[in-house]
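Results of the structural survey
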Amino acid sequence: EMILAIETSCDETAAAVIKGGTEILSNVVATQMEIHEQFGGVVPEIASRHHIEQITLVIEQALNEADVSMDEVDAFAVTEGPGLVGALLIGVNAAKTLAFAHNKPLIGVHHIAGHIYANRLEKEFQFPLLSLVVSGGHTELIYMKEHGHYEVIGETRDDAAGEAYDKVAKALKLPYPGGPVIDQLAQEGEDVYNFPRAWLEKDSYDFSFSGLKTSVINKLNQLNQKGESYRTEDLAASFQNSVIDVLVQKTYQAAKDLEVKQLIVAGGVSANKGLREAINQKFQDEDIELMIPPLYLCTDNAAMIGAAASIEYHNGQFKDSKLNANPGLMLG
Ligand code: ATP
Ligand code: FE
Ligand code: MG
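Residues numbered from 1 in each chain as written. Chains lettered and ligands numbered in written order. Predicted model: local features only at pLDDT ≥ 70, side-chain atom pairs only at ≥ 80, totals over all residues.

An unreviewed UniProt entry annotates the chain as tRNA N6-adenosine threonylcarbamoyltransferase originating from Piscibacillus salipiscarius. Under the UniProt heading Sequence similarities (unreviewed entry), the note attached to the chain is "Belongs to the KAE1 / TsaD family." Checking UniProt for the chain, the heading Catalytic activity (unreviewed entry) contains the comment "L-threonylcarbamoyladenylate + adenosine(37) in tRNA = N(6)-L-threonylcarbamoyladenosine(37) in tRNA + AMP + H(+)". (UniProt positions renumbered as here; feature names shortened; annotations may be inferred.)

The structure is reproduced here in structure tokens:
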């Protein structure tokens, strides 16, 4: 089947054409990164306005690049949540309009299901699997025993991993988004500060990053007050090591406990070089297949939404004209 997918949950206006759930015919992403950079974060009203300006162009480009006509599309899919309500609405309304104008099914996709299914564009899933989702708004361990079935076994109790990167970057006066910049600096630094690791209760698969963020900010203030010299690279490396240590160790424990066949890493933070290396190393001697998406599928895109929608297409799970943006949509 041919699915035209749309994603507008945050600051990327994206459309893609996906064939058979796994083949990318086109994947167009118009990012607003440079626009929001000057504000140090995503400004919701500005995001909505740019989505409105871009959406039609992006959809047309996705069809053109795929060399597919509207008539050849079997279903329209869209991210219904979670995300910024005004941003989500632009995509939801576009998908609804197209589905009803062309009398084709409409599919609503959870953004995080999309991040997970980005991996299926590379390789087939094997169940049971565990997915570590690390993004700007989420840090979760999700257990799946079949397609389209999600069980959240652990999640952050405060900041998401990507959010912690962005906040620490802001404190270090680095540009937004902070993840890629800190990752880069960390490669040139050393873990000299040995910040705390938030293990929480024994056996808990939950995460916490706000304490770490505070430790970094306190250390920075202390260094500045004392007029001591320091390298931003070392602060970056120390912060990153603490994040990665906890992510990798908890993921490893959960994967072993649940005896999964595959481990999937998904979301914007899965682009992190340090994390990719550490997780590769930790799982290299294990009988668990590791899947980490290529960089262009880690951050927000519509190909992943089309991949997730394919499951719902085959299950006949369609939406009607009442589909609405749902900023707090839960997974599963
Ligand atoms: P969500 O998916 O939870 O709704 P989002 O869509 O905003 O949030 P993504 O687009 O998946 O999140 O990812 C963006 C986040 O990824 C940002 O917080 C960014 O700093 C982080 N990020 C991107 N590249 C890296 C990297 N190399 N290292 C660490 N973090 C990174
Ligand atoms: Fe995302
Ligand atoms: Mg984003």
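Next comes the rest of the write-up.
Let's talk about the UniProt feature "binding site: substrate" (unreviewed entry) in the chain
Following the UniProt record, one finds the feature "binding site: substrate" (unreviewed entry) at Val133, Val134, Ser135, Gly136, Gly137, Asp166, Gly179, Asp183 and Asn272. Structurally, Gly137 is set in the loop between strand E6 (129-134) and strand E7 (139-144). Taking the C-beta count within 10 Å as the criterion, Gly137 has 20 such neighbours and is therefore assigned buried. Sequence-distant contacts of Gly137, that is, excluding residues within four places in its chain, are made with Pro82, Ala160 and Glu163. On the secondary structure map, Gly179 appears in helix H6 (residues 178-187). Not counting residues up to four positions away in its chain, the partners in contact with Gly179 are Gly162, Tyr165, Asp166, Gly268, Val269 and Asn272. (Helix = DSSP H or I, 4+ residues; strand = E, 2+ residues; numbered from the N terminus. Buried ≥ 20, exposed ≤ 12 C-beta atoms within 10 Å, placed from the backbone. Contact = placed C-beta atoms within 7 Å.)

Examining helix H3 (residues 85-101)
Since there are 3.6 residues in each turn of an α-helix, residues three or four apart along the chain are aligned in direction. Between its first and last C-alpha, H3 extends 24 Å over 17 residues, near the 24 Å set by a 1.5 Å rise per residue. Packing partners of the buried residues in H3 comprise strand E1 (2-7), helix H2 (44-66), strand E4 (75-81) and strand E5 (106-110). Note on H3: the residue one or two positions beyond its end, Asn103, has a positive phi of about 55°. (Expected span 1.5 Å × (residues − 1).)

Considering the sheet that holds E5
Read from one edge to the other, the open sheet built from five strands follows the order E3-E2-E1-E4-E5, with strand pairing classed as mixed. Lying at the two open borders of the sheet, with one neighbouring strand each, are strand E3 (23-31) and E5. Each neighbouring strand pair of the sheet contributes to a mean axis angle of 20°, computed without reference to strand direction. Note that strand E2 (residues 12-19) and E3 share eight bridges and pair antiparallel. From the neighbouring strand, Val17 faces E3, where its bridge partner is Ser26. (Pairing = 2+ DSSP bridges. Axes fitted to C-alpha atoms, helices over the stretch in contact; angles between N-to-C directions.)

A closer look at unusual backbone geometry
Cis geometry marks the peptide bond from Gly81 to Pro82; its omega dihedral reads -10°. Residue placement: Pro82 occurs in the loop between E4 and H3. The omega angle of the peptide bond from Tyr176 to Pro177 is -5°, so this bond is cis rather than trans. Structurally, the position occupied by Pro177 is in the loop between helix H5 (161-171) and H6. One non-glycine residue, Asp203, lies in the positive phi region at around 75°. Phi is positive for Glu259, which is not a glycine, with a value near 50°. Relative to the elements of secondary structure, Glu259 occurs in the loop between helix H8 (232-257) and strand E9 (262-266). For Glu259, a count of 10 C-beta atoms within 10 Å puts it in the exposed group.

A look at the UniProt feature "domain: Gcp-like" (unreviewed entry) in the chain
The UniProt entry lists residues 23-306 under the feature "domain: Gcp-like" (unreviewed entry), expressed in the numbering used here. From the first C-alpha to the last, residues 23-306 spans 10 Å; its make-up is 48% helix and 16% strand.

Notes on the pairing of E6
Summarising burial for E6: six of the six residues are buried, a large majority. Residues Leu129, Ser131 and Val133 point to one face of E6 and Leu130, Leu132 and Val134 to the other, with burial holding for every one of them. The pairing of E6 with E7 spans six bridges and is classified as antiparallel. Note that in E7 the partner of Leu130 across the bridge is Tyr143. Here E6 folds back onto E7, and the loop between the two strands holds four residues. Of the pairings in the sheet, the one linking E6 to E9 comprises five bridges and is parallel in character. Pairing of Leu132 across the sheet is with Val265, part of E9.

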